[in-house]
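A structural walkthrough
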Amino acid sequence: MAGYENKTKPTQTPVEEFIAHVEHPVRRADAQVLDEMFRRVTAEVPVMWGPTMVGYGSYHYEYESGHRGDALAVGFAPRKASQSLYGLLVQPEAPELLSRLGKHKVGKGCLYINTLADVDVQVLEELMQTGYRHMTEVVDQPRSEG
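The rules behind each value
Residues numbered from 1 in each chain as written. Predicted model: local features only at pLDDT ≥ 70, side-chain atom pairs only at ≥ 80, totals over all residues. Heavy atoms only, no water. Helix = DSSP H or I, 4+ residues; strand = E, 2+ residues; numbered from the N terminus. Salt bridge = Lys/Arg side-chain N within 4 Å of Asp/Glu carboxyl O. Buried < 20%, exposed > 50% of the residue type's maximum accessible area, 1.4 Å probe, protein only. UniProt positions renumbered as here; feature names shortened; annotations may be inferred. Contact = heavy atoms within 4.5 Å. Expected span 1.5 Å × (residues − 1). Phe/Tyr/Trp six-rings, centres within 6.5 Å; stacked < 30°, edge-to-face > 60°. Pairing = 2+ DSSP bridges. Axes fitted to C-alpha atoms, helices over the stretch in contact; angles between N-to-C directions.

So, unusual backbone geometry
One non-glycine residue, Ala 43, lies in positive phi territory at about 60°. Following the sequence through the fold, Ala 43 ends up in the loop between helix H2 (25–42) and strand S1 (47–49).

Topic: the pattern of salt bridges
Per the stated rule, a full pass over the model turns up 7 salt bridges. Between Arg 40 and Glu 36 there is a salt bridge whose closest N-O contact spans 2.9 Å. Of this pair, Arg 40 and Glu 36 both sit in helix H2, 4 residues apart, roughly one helical turn. On the basis of relative accessible area, Arg 40 is assigned to the partly exposed category, the value being 44%. The exposure class of Glu 36 is partly exposed, given its relative accessible area of 39%. The partner of Arg 40 in a salt bridge is Glu 125, and the shortest N-O contact between them spans 2.8 Å.

Regarding the UniProt feature "domain: YdhG-like" (unreviewed entry) in the protein chain
Within the UniProt annotation, "domain: YdhG-like" (unreviewed entry) is assigned to residues 27–129. Note that residues 27–129 is 32% helix and 33% strand, and that its end C-alpha atoms are spaced 22 Å apart.

Re the environment of Met 128
Relative to the elements of secondary structure, Met 128 occurs in helix H4 (residues 121–139). Along the backbone, Met 128 and Gly 107 are 21 residues apart, and their C-alpha atoms lie at a distance of 17 Å. Among all residues touching Met 128, those that are not within four sequence positions of it are Leu 34, Met 37, Phe 38, Val 41 and Leu 88.

Here's the deal with H2
The first and last C-alpha atoms of H2 sit 26 Å apart over 18 residues, in line with the 26 Å expected at 1.5 Å per residue. Among the residues of H2, Arg 27, Asp 30, Ala 31, Leu 34, Asp 35, Met 37, Phe 38, Val 41 and Thr 42 are the ones counted as buried. Close packing links the buried residues of H2 with helix H1 (15–20), strand S2 (53–62), strand S3 (68–78), strand S4 (83–86) and H4. Directly beyond the C-terminal end of H2, a positive phi value near 60° is found at Ala 43.

Considering the packing of aromatic side chains
Evaluation of the coordinates by the stated rule reveals 5 aromatic pairs. Relative to Tyr 56, the ring of Phe 38 has its centre 4.8 Å away and its plane inclined at 10°; by these criteria the two rings are stacked. Linking Phe 38 in helix H2 with Tyr 56 in strand S2, this pair joins segments that are 18 residues apart in sequence. Accessibility expressed as a relative area gives 0% for Tyr 56, which makes it buried. Considering the side-chain rings of Tyr 61 and Tyr 63, the 5.1 Å spacing of their centres and the 35° angle between planes classify their relative orientation as tilted. Every member of this aromatic cluster is reached through a ring pair, and the members are Phe 38, Tyr 56 and Phe 76.

A closer look at the sheet that holds strand S6 (residues 110–113)
The strand order S1-S2-S3-S4-S6-S5 describes an open sheet built from 6 strands, whose pairing is antiparallel. Both edges of this open sheet fall to S1 and strand S5 (105–106), since each of them pairs with a single strand only. The pairing of S5 with S6 spans 2 bridges and is antiparallel. Across the sheet, residue Lys 105 finds its bridge partner in S6, namely Tyr 112. Sitting on the sheet, H2 touches S2, S3 and S4, and the angle it makes with S3 is about 130°.

Written out as structure tokens, the structure is:
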């Protein structure tokens, strides 16, 4: 897999500019709140990953196959149908927190919420805290030579 290159990479697009152009007014307002929450919880400056993902922090991974790269630690993407949240499902605390979150769906690696009004934002903040810690302290791998 030496020739494989990640498609989703950090960009120079300003996060505030991206959020300001989210078409749906509720998604835009929720994105502004999510941005504030993620900034406060992670103490990270957000970075756009690809054209639609707002990321806070990053982690490095290396597979036995030789494939390696970097990805956002936690973050979100305002989609037409819902907000997609990343990095909040793999920590040991996630199942218990999800049981208290409120209306949501879970996909492969993503948490989906229609609107922040549907969830307990304090529980969501706990998911952000534990998810960020897990991704940056447990999942993050040292970079090998080569």
